[in-house]
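Below are the chains, spelled out letter by letter.
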Amino acid sequence: MIRLLLLVAFAAALHAQAYRFGLVLDGEKVIQNAVIVVEKDRIKSVGATAVGSVIDMTRYTAIPGMIDVHTHLTYVLDTNRLTQAGRGAAAVYLSQSNAKKTLETGVTTVRNLGASDYADIAMRDLIAAGMMTGPRVFASGYGLQITRGGRGGGPGTADGVAEVTKVVRQQVGAGADVIKMYGSTGSGQDVTGDQTFTYEEMKAAVDASHALGKRIAIHTYGPRGARDAIRAGADSVEHATDMDDETIAEMARKKIFYVPTIDHNRYYVDNAQMLKYPAGATGPLNDFIMRNLETAKKAFRAGVRFAMGSDAVYTMFGENTRELAWFVKAGMTPEQALKTATTDAAELLGAEDRLGRLKPGYFADIAAVEGNPLENIDAAINGVRWVMKGGAVVVDKTK
Ligand SMILES: [Zn+2]
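Residues numbered from 1 in each chain as written. Predicted model: local features only at pLDDT ≥ 70, side-chain atom pairs only at ≥ 80, totals over all residues. Heavy atoms only, no water.

*Asks:* I'm lost on the coordination of the zinc ion in this one. Help?
*Replies:* Around a metal, the ideal angle is 109.5 degrees if four donors adopt a tetrahedral arrangement and 90 or 180 degrees if six donors adopt an octahedral arrangement. Note on the zinc ion: its protein donors are H70 (NE2), H72 (NE2) and D311 (OD). The metal-donor distances range over 2.0 to 2.2 Å. In terms of primary sequence, the donors binding the zinc ion are separated according to H-x1-H-x238-D. Comparing H70 with H72 shows no difference in burial state: the two are buried. (Donors = N, O, S within 2.8 Å, 3.2 Å for Na, K, Ca; no water. Buried < 20%, exposed > 50% of the residue type's maximum accessible area, 1.4 Å probe, protein only.)

And the structure:
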């Protein structure tokens, strides 16, 4: 019997793999010179010693694999025509490089907020089955939008409370993990931020989502849509600028997450020429960035919870975590900023029991970085050298 138990233990040890890091930031504390033991797709232990061979990673700091709560993985740029490069299966195929570039930033989980043809759900399932390399995906399917000038009629379009309820249920029926609603205008070079869905429609979307056990993210560039999204009880509000003190206070009280996505407009400014934006486009974009940062400062001081979202599209993949630098500019310590991409983001996903920490039982999602992100957040942004997702090494730039 004892011999059998020893054999079982030996077999288990064979399946386990141990890595020693100079520092481990487990999501709560800093542990020096610690060994992380990984078994299958989970973390088995984090501690000082390990049985058997240990892979030397002492040059690096281990942080939890990061979470980007706002991506558009299936948005691929046709650089000649400057439009979406493919639809349906073609979009899924072309999105593989976005998925790989995301992993290279140390992001091992994304919340994908808006995709045509349920391409994000297809990606999620292919990645989960090990048939495509990429981060874990929490997918929304189509984002809800109203009929307006030149848009509407397609899947995801909803006008009025009854249609909103129906389209939310259609997304969940198609396999969505989360609901996305476009509560205002604004995207790309357009920073208008005019409210689209009414309060009643937002409330209907929130109720329909929650009734089916799903969370809802409401996009709004402007303050009026944000006020109604918060009043309606959205789980996160994306982008919003110029929110007044009362709205921010209600957001803090209701523990609604703010996902400012400040950096995505920096991407549009940097790439205005490549995207052939008209000459005057960067002025309003830069103005929006400053108002976005000011709103983030106010919200942070008021105790609003933040999660890191890049709003990455097209060639922005690979820059997913640059938002963290804006969060430090908004007043966070590097530690607080890192939490927005780990423990806090996991909470927004409802996955705080398995993602965002390096603890026994959690998924073995680990980013090894050069330097200490608690001293300089740049280590998390530009220092990622090795990434493990679910126990498998998916990025290795250590050699
Ligand atoms: Zn977006």
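*Asks:* How should the packing of helix α5 (residues 161-173) against helix α6 (residues 199-211) be read in this particular structure?
*Replies:* Each packed pair of helices is defined by two parameters, the angle between the axes and the distance between the axes. Two elements in contact, α5 and α6, have axes whose closest approach is 9 Å; the angle formed by their N-to-C orientations is 30 degrees. Looking at the two axes, α5 sits roughly parallel to α6. Relative to α6, α5 is oriented so that their crossing is right-handed. Touching V161, V164, T165 and V168 of α5 are E200, E201, A204, A205, A208 and S209, all from α6. Here the residues of the contact of α5 with α6 are counted per class, giving six nonpolar, two polar and two charged. (Axes fitted to C-alpha atoms, helices over the stretch in contact; angles between N-to-C directions. Helix = DSSP H or I, 4+ residues; strand = E, 2+ residues; numbered from the N terminus. Parallel < 35°, antiparallel > 145°, perpendicular 65-115°, else oblique. Left-handed = near helix turned anticlockwise from the far one by under 90°. Contact = heavy atoms within 4.5 Å. Nonpolar A, V, L, I, M, F, W, Y, C, P; charged D, E, K, R; others polar.)

*Asks:* What is the right way to read the pattern of salt bridges from this model?
*Replies:* Note that side chains of opposite charge can pair when their charged atoms are close. Per the counting criterion, the structure on display carries 27 salt bridges. Notably, a salt bridge pairs K298 with D245, separated by 3.4 Å at the nearest N-O pair. Taken together, the positions of K298 in helix α10 (residues 282-301) and D245 in helix α8 (residues 245-253) put the pair 53 residues apart, joining distant regions of the chain. With a shortest N-O distance of 2.8 Å, R266 and D263 are connected by a salt bridge. Taken as a pair, R266 and D263 lie in helix α9 (residues 262-270) at a separation of three residues, close to a single helical turn. By the burial criterion, R266 is buried, and D263 matches it. (Salt bridge = Lys/Arg side-chain N within 4 Å of Asp/Glu carboxyl O.)

*Asks:* I'm lost on the sheet that holds strand β10 (residues 178-182) in this one. Help?
*Replies:* Backbone-to-backbone hydrogen bonds join strands into a sheet, with any given pair of strands oriented parallel or antiparallel. Ordered by their spatial adjacency, five strands build an open sheet running β10-β11-β12-β13-β14, and the pairing between neighbours is parallel. Every other strand in the sheet has two partners, leaving β10 and β14 (305-306) as the edge strands with one partner each. Bridge count between strand β12 (residues 236-239) and strand β13 (residues 257-259): three bridges; the pairing is parallel. Across the sheet, the residue bridging to E238 is V259, located in β13. Running over the sheet, α6 touches β10 and β11 (215-220) and is turned about 155 degrees from β11. (Pairing = 2+ DSSP bridges.)

*Asks:* Explain the side chain of T261 to me, please; I cannot follow it from the model alone.
*Replies:* As for its placement among the helices and strands, T261 is situated in the loop between β13 and α9. Note on T261: relative accessible area 0%, which makes it buried. A polar atom in the side chain of T261 sits 2.7 Å from the side chain of H239. Once residues within four sequence positions are removed from consideration, T261 is found in contact with H70, H239, N292, G309, S310, D311 and E323. (Polar contact = N/O pair within 3.5 Å; in protein donor to acceptor, adjacent residues only side chain to side chain.)

*Asks:* Just to check I follow, could you spell out the packing of aromatic side chains for this structure?
*Replies:* For any pair of aromatic rings, the description consists of the separation of the ring centres together with the inter-plane angle of the planes. Within the structure shown, the criterion is met by 10 aromatic pairs. Aromatic side chains Y118 and Y142 sit 5.1 Å apart centroid to centroid with 85 degrees between the ring planes, which places their arrangement in the edge-to-face category. Highlighted residues: Y118 in the loop between β8 (107-112) and α4 (119-128) and Y142 in the loop between β9 (136-139) and α5, separated in sequence by 24 residues. Judged by relative accessible area, which is 25%, Y118 ranks as partly exposed. A network of ring pairs unites the aromatic residues Y258, F300, F306 and F327 as a single cluster. (Phe/Tyr/Trp six-rings, centres within 6.5 Å; stacked < 30°, edge-to-face > 60°.)

*Asks:* Whenever I open this one, the sheet that holds strand β2 (residues 30-39) confuses me. Can you help?
*Replies:* One open sheet holds the seven strands; their spatial order is β3-β2-β1-β4-β15-β16-β17, and the pairing between them is mixed. Because the sheet does not close on itself, it has two edges, and the strands there are β3 (42-47) and β17 (392-396). The sheet shows a mean angle of 35 degrees between the axes of neighbouring strands, taken without regard to direction. As paired strands, strand β1 (residues 16-25) and strand β4 (residues 54-64) are joined by six bridges and run parallel to one another. Its bridge partner lying in β4, Y19 is registered against I55.

From the geometry alone we can't say anything about function, so treat these as descriptive.
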